[in-house]
Every structure is written in C-alpha cells, then in structure tokens.
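A closer look at the structure
The chain contents come next:
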Amino acid sequence: MKPLEEFKDELEKCVRCGTCRSVCPTFRVLGRETACARGKLTLIGSYLGSEIPQSDEYVRHIKECTLCGACKGSCPNGVDTTGVFAAARADVAKNKGLPFAANLIFKNLVSPGKTVPLALKLASRFQGIFLKDAPAENGLLARFPLPLVGAVMASNRLLPPLAGTPFLDLPEVKGLGVPVAHPSGPRVAFYAGCGVNYLMPNVGSASIDVLKRAGATVIVPQGQVCCGMPAYSTGDLGSAREMALKNLEVFEAHSLDYIVTSCATCGYGLKKLFRDLLFEVPELRARVEAFSSRVRDITELLAHDLDFTGKGRGMAGSPVRVTYHDPCHLGRAQGVRDEPRELIAGAQGVELKEMKHPCSCCGLGGGLSLSNYDLSIEITRRKAESVRDTGADVVVTACPGCMVQLRDAMHRYGVKAKVAHVVELL
Ligand code: SF4
Ligand code: SF4
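A short tour of the structure in this document, coming up. Nothing here was measured: the structure is a model prediction, and the numbers come from that model.

Reading the values: the criteria
Within every chain, residues take consecutive numbers counted from 1 along the sequence as written. All chains are assigned letters beginning at A, and all ligands numbers beginning at 1, according to the order in which they are written. Only residues with pLDDT of at least 70 are given local features in this predicted model, and only at 80 or more are side-chain atom pairs given and counted; all residues enter the totals for whole chains, interfaces and linings. Side-chain numbers here rest on the full set of heavy atoms in the structure, without hydrogens or water. We call a residue near a given molecule or strand whenever any one of its heavy atoms falls within 4 Å of it. For the purposes of this entry, the term helix denotes a DSSP run of H or I that reaches at least four residues, the term strand denotes a run of E that reaches at least two, and both are numbered from the N terminus. Residue polarity follows a fixed list, in which Ala, Val, Leu, Ile, Met, Phe, Trp, Tyr, Cys and Pro are nonpolar, Asp, Glu, Lys and Arg are charged, and the others, Gly among them, are polar. Nonpolar cores were defined as sets of buried Ala, Val, Leu, Ile, Met, Phe, Trp, Tyr and Cys residues, with membership established by side-chain atoms within 4.5 Å. Buried, partly exposed and exposed residues are distinguished by accessible area as a fraction of the type maximum, computed with a 1.4 Å probe on protein chains only: under 20%, between the cut-offs, and over 50%, respectively. Residue contacts are defined here by distance: any two heavy atoms, one from each residue, within 4.5 Å place the two residues in contact. Under this scheme, a helix contributes an axis fitted over its contacting stretch, all axes are lines through C-alpha atoms, and angles between N-to-C directions fall in the 0 to 180 degree range. Our angle categories are set so that under 35 degrees counts as roughly parallel, over 145 as roughly antiparallel, 65 to 115 as roughly perpendicular, and the remainder as oblique. Each helix crossing is assigned a hand: it is left-handed if the near helix lies turned anticlockwise from the far helix by less than a right angle, otherwise right-handed if that turn is clockwise.

**Digging into the site of ligand 2**
Contacts to ligand 2 come from Cys-24, Pro-25, Thr-26, Ala-37, Cys-65, Thr-66, Leu-67, Cys-68, Gly-69, Ala-70, Cys-71 and Phe-85. Among the secondary structure elements, those contributing two or more residues to the shell around ligand 2 are helix H2 (25-30) and helix H5 (70-74). Residue composition of the shell around ligand 2, by class: nine nonpolar, three polar and no charged.

**Some thoughts on the nonpolar core**
Judged by nonpolar contacts, the single largest core of 118 residues is most densely connected at Leu-4, Ile-44, Tyr-58, Phe-85, Phe-167, Leu-211 and Leu-302. For this core, the element with the highest residue contribution is helix H14 (residues 264-278), accounting for eight residues. For Leu-4, the residues in contact, after removing those within four places along its chain, are Ile-44, Tyr-47, Leu-48, Tyr-58, Val-84, Ala-87, Ala-88 and Asp-91.

**A look at the environment of Ile-259**
Within the secondary structure, Ile-259 is located in strand E8 (residues 258-261). The exposure class assigned to Ile-259 is buried, which follows from its relative accessible area of 2%. In the structure, Ile-259 is positioned 72 residues away from Arg-187 in sequence and 8.7 Å away in space, judged by C-alpha atoms. Discounting chain neighbours no more than four positions away, the residues touching Ile-259 are Ala-189, Tyr-191, Phe-251, Leu-270, Phe-291, Arg-294, Val-295 and Arg-296.

**Quick notes on the packing of helix H13 (residues 237-252) against helix H15 (residues 285-292)**
The N-to-C vectors of H13 and H15 enclose an angle of 70°; their axes lie 11 Å apart at closest approach. As judged from the angle between their axes, H13 and H15 are roughly perpendicular. As for how H13 packs across H15, the hand of that crossing is left-handed. Contacts from Asn-247, Leu-248, Glu-249, Phe-251 and Glu-252 in H13 reach Arg-287, Val-288 and Phe-291 in H15. Classifying every residue of the contact of H13 with H15 by side-chain character gives four nonpolar, one polar and three charged.

As structure tokens, this is what we get:
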C-alpha cells in the first residue's frame, strides 16, 4: 500500500462538487464538512502541505468515518477516497502508534497460539460478572459502564456473547481438516474469520451444513487467522500483512477450487486487501492472485456455482417476512447484491420485503463502533427505522459484524425484528 504522500494526485482529482455529502452516513448525522469525504480530503491536503499539524482534532476527523465507500461509489471524478483515508490512518498509526489494547489484540491475532483461546475461555467464563442476559434478546448488556478498547461502553449497549468453544475448535469442525462429503463435488475451503470463530459459531456450522447439502467437498483448514481487515482499518499495516501471509500459507497447503467465507468483510479482505498488502513483494504476486481469485462469498458460491437458489429450507416459524441489509463490504465493495436476495426469496416460506436504503452503512465499519460508539449507533437509527417500516420478522444480512450492530440497534430503538445470517434461512 502506498504511503499517504503518494496520494497527492487523488487529492487533486477532487473538484469539490459535494456529491459525496449526499451519501455519507457520518455527514448525515453530524452535518459538518469535516465529516464527509470532501472535508476530509481538504484536511489531508492541508496536512500534507504542512498547513496543519497531525493534531488530536485532525485524528478525530480522520476516524469519523466508517470506510463504507459510499463516497467513492458516488464520486463523479473517481477519487479513491477510502484508499486515501486508509493511508491517512496508517500515517497516524506510524507517527503516533496504536492504542495499547488494539496493539495487544492484533499481535495476538497474528498467531493465536494458546493466548487467544485461553483469554477467550477466561472471558467467556467470567463475562457474567460484568454482563447480564438481555431478556428476549440474543445478547448481553453491561451491568455498569465498562472500559472497552479505549472507550467507555454504554450500559445499554447490547453485546454478543463470546462462544464457549470457538468455531475452529469444535470437534466436528476439527475433523474437517481433511475433505468429507462429496468426493466428486468442488473442493471448498471454509474461511471462518473472527466474527464466526469467536462470536457466532452457529453461523459457521450452518454454512458448512448448507455447503455439504449443495454438493461441495468441505475443508476447514486449521491454523487460519484473522483476515487483517481490523488491523488495516486501524492503520496497522504490518500486522495486516503478517495475517495475510499466514493465511496464504495455510490455504496453499490444500488443493482447492474455492475459498469461501460467510463474512462480507473477510471476503473483501481476502479478495482485495491481500493484493494491496502483498503485491509489493513481486515473488508473491502469482501466489496471491491464485489465492484471491478463488475467494467467494458464500451467497455468491451457492447462487452461481452450486445452483442452490430455490432449495433453502426457510426458518422455524415460517412463513416469515424478511428484509435484507446489504453489507458495504459485500454489495458496494464486491458487487454481490442479487445473490443473497435470490437465495432468500427462494427459501421455503420466506417473503422478501425490501427496506428503504438497504445498502446504507450500518455504522459499525472502520472501527467507528469502538472509537465513537454514539455516532456509530446513531447512524444505525435510520436502518432500524427502515426495518420497522417493512414489518419484517427478521432482518437478514451476510456479515457477522453487521449482525452485531443490527442486534444492538434493534434492541436500542425498540424494533421487534430478529437478526439472522442468510445461511440460517437455507
Ligand atoms: S464527490 Fe468526489 S469530486 Fe465531488 S467533492 Fe466528493 S470526493 Fe470531491
Ligand atoms: S467512507 Fe463512508 S463514512 Fe467515510 S467519508 Fe466516505 S461516505 Fe462518509
């Protein structure tokens, strides 16, 4: 990835038209210029021209962004806004260092070894001291305000419970290090990602189940680590690069037709970020290309390659009305919009009712839910209201991160709809 100074050409492409303001979720809430892409590009230009320092205020404006990419998608001049913002974050991390907690987490996610499982086992055992069950919700609430990665966690914030056993440690998953199911079907390696592994192993199990029913030979390579997207969006490119390299080696050890994930953010990271991070090393390029070209979102693989549309089993309590939220990293970043809808609409007893602005950001991205939770959850208010207007029983999406944010928002804004992953309908 280029250093920030090399993005000067991108800054000059901006003609200050303001189109990006109309689609920006942070601008919609904050209503000031520094919240939108045009304002941030101006700030970054002033910083590169040595007109302003890299002050705390500058850093705050740079972080007031979900990296959703809506500005990039709407820009008539094709300014690579998110590329500039990611480089600006890396520049901040290089000059000021990372917050202590983020540094600790990323270093441990590079090589989970025994540290992460042990820490999570302890955390899952003692989470009841700090957190309590939310009645009728799939989540936990803080008993009192808690520090959370540099911010204070609101006591009415709904958190996902930590899995007692991570997905990759489930006995039935460990056995999938060697291929099973249909020896003649395509060989599909499942990439879990942190959300599925540590928070939603049920989404991982449902993914394996539907892949097998769709005729795939499923492999779950052990030793896979975080995709690197959280480290990348915090500006820690060194950790993100190490994670990419580790995953490359782990998956290269298998003969595969596809690498599939149920996480939109991981899919984007494996397809795109790997190239950004590892193409700098010429001898890695062919290997990275072979890896990234095999990556598919699970909805993409099921709808296109495995012809599974119309075969979903639906949900308990069918018929149900369902609405779909487009994760930014799937719809906008990967162009995968029709496939999840085809699978949902084709599932038994499911009515798909579109919400207004299904592709507007849920507010979680770019680390905003940690660095500025109030702004992040305020962005989700409009999403929650759109879900309520559809009268849907369930809001479905294809990203564990969006699911965490949507559950919190449904709870906070009093919307009855449950939150589920597409694979849970199949
Ligand atoms: S839409 Fe593009 S050209 Fe227009 S102000 Fe925003 S970044 Fe600049
Ligand atoms: S990436 Fe999204 S949140 Fe950030 S400036 Fe662009 S539209 Fe706004």
